[in-house]
Amino acid sequence: MSLKKCKVLIIGSGPAGYTASIYAARAGLNPVQVTGFEQGGQLMVTTDVENYPGFRQAIQGPWLMEEMKAQAEHVGVELVYDMIQSVDFSKRPFKCKGESTEYVADAVIIATGAKARWLGLDSEKKFQGFGVSACATCDGFFFKGKRIAIIGGGNTAVEEALYMTNHASHVTLIHRRNKLRAEQVMQDKLFNHPKITVIWDHVVDEILGTDAPKSVTGLTLKHRETGVQQHLDMDGIFIAIGHDPATSVFKDHLETDHEGYIVVRPGTTQTAIEGVFAAGDVQDKVYRQAVTAAGQGCMAALEVEKFLQE
Ligand code: NDP
């Protein structure tokens, strides 16, 4: 295993990670940034971004991340395509092991983000990649002219339902309650769309399909209160029920909350261990926006700078 020493190690490559590394590089801290194997984070699977300030017209998520990466490289960040497998935060310098490199750092910024959540059904697992997906923007194209269902009631579900109207013949949004938590403006678009039907108060009981060819043919829904079942014919099912923070490597070494998010001191990015900071969706389940993640990345870099000076 090779050894790489640095003042600050940044783990993750979403808006929080890149902003932290850009600020740290400009502060002369020569940061090393381990990007993970899904470089760019959640914005890589987003289409239009209309709320990131500075752009009059909609920009594309992957384009924004490419620009952040280019900016990081431009200011001298050392980007490493690796995945941290284990950490030792018990003493300084901190140690983080990748696939074949051990990183030794005086300070660490964790910006590993969050990942899509699944329903947890066996049938969902069976048909993942064969009609079941957690990313409409990645896989929507495969459902041209087909009937698809979106599960969930947040911004992601509504955004994906609207996006899928570009491909699918019909979109059914299935939500477990009778009220969406998506923004009102998105809800208005959803309710007014001729290609979208909403089914309230139902949960997915089972995803149905065939083995040859392996593909989805429908799903069984259950009414949340009455338990009455109904069957729907479907060609594709998109799960859009939120995310889990990517903290499995850190949870035994840092304080996390009951959902696994890293706990930071209020108003800072400082974790329970002095010198270890956390920024973006890995610690923030309230705002979860590209711009707030970027803001926290900036905070983390400024706090690291102060920490190293002290
Ligand atoms: P959310 O946590 O906001 O919503 C998850 C949805 O899935 C909820 O409606 C929830 O139901 C439902 N759900 C959760 N678990 C289950 C389950 N096991 N079975 C059935 N339904 C379930 O996640 P999102 O991914 O939608 O959004 C995350 C964050 O990102 C939010 O802050 C959102 O505003 C933001 N976002 C912003 C966008 C934008 O600005 N363009 C686009 C996408 C996301 P219930 O309501 O009953 O809890």
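Since the model is a prediction, treat every value here as computed from it, not as a measurement.

Reading the values: rules and limits
Residues numbered from 1 in each chain as written. Predicted model: local features only at pLDDT ≥ 70, side-chain atom pairs only at ≥ 80, totals over all residues. Heavy atoms only, no water. Domains from an automatic or database assignment. Axes fitted to C-alpha atoms, helices over the stretch in contact; angles between N-to-C directions. Helix = DSSP H or I, 4+ residues; strand = E, 2+ residues; numbered from the N terminus. Left-handed = near helix turned anticlockwise from the far one by under 90°. Contact = heavy atoms within 4.5 Å. Nonpolar A, V, L, I, M, F, W, Y, C, P; charged D, E, K, R; others polar. Near = heavy atom within 4 Å. Polar contact = N/O pair within 3.5 Å; in protein donor to acceptor, adjacent residues only side chain to side chain. Areas by Shrake-Rupley, 256 points an atom, 1.4 Å probe, with all protein chains shown as cover.

**Student:** Residue-level account of the domain arrangement of the chain, with values.
**Tutor:** Looking at the assigned domains, one finds that the chain contains domain 1 (2-115 + 243-309) and domain 2 (118-239). A C-alpha centroid distance of 32 Å is found between domain 1 and domain 2.

**Student:** Before we move on, could you go through the packing of helix α1 (residues 15-26) against helix α7 (residues 290-309) and cite the residues and values that matter?
**Tutor:** One way to put it is that α1 packs onto α7 with a least axis distance of 7 Å and a crossing angle of 35°. You can see that α1 and α7 cross each other, and the crossing is right-handed. Contact residues: α1 offers P15, A16, T19, A20, Y23 and A24, while α7 offers A290, A293, A294, G297, C298, A301 and L302. Here the contact of α1 with α7 is composed, by residue class, of eleven nonpolar, two polar and no charged.

**Student:** Quick one: what's the story with the site of the ligand, residue by residue and with numbers?
**Tutor:** Taken together, 20 residues surround the ligand, and among them N155, T156, R176, R177 and R181 come closest. G154 places a polar main-chain atom, nitrogen or oxygen, 3.3 Å from an oxygen atom of the ligand. A distance of 2.6 Å separates an oxygen atom of the ligand from a polar side-chain atom of T156. Isolated, the ligand exposes 910 Å² of accessible area, and the fraction of that covered by the protein chains is 80%. Element by element, the count of residues in the shell around the ligand is highest for helix α5 (residues 155-164), at three residues. Tallied by class, the residues present in the shell around the ligand amount to four nonpolar, ten polar and six charged.

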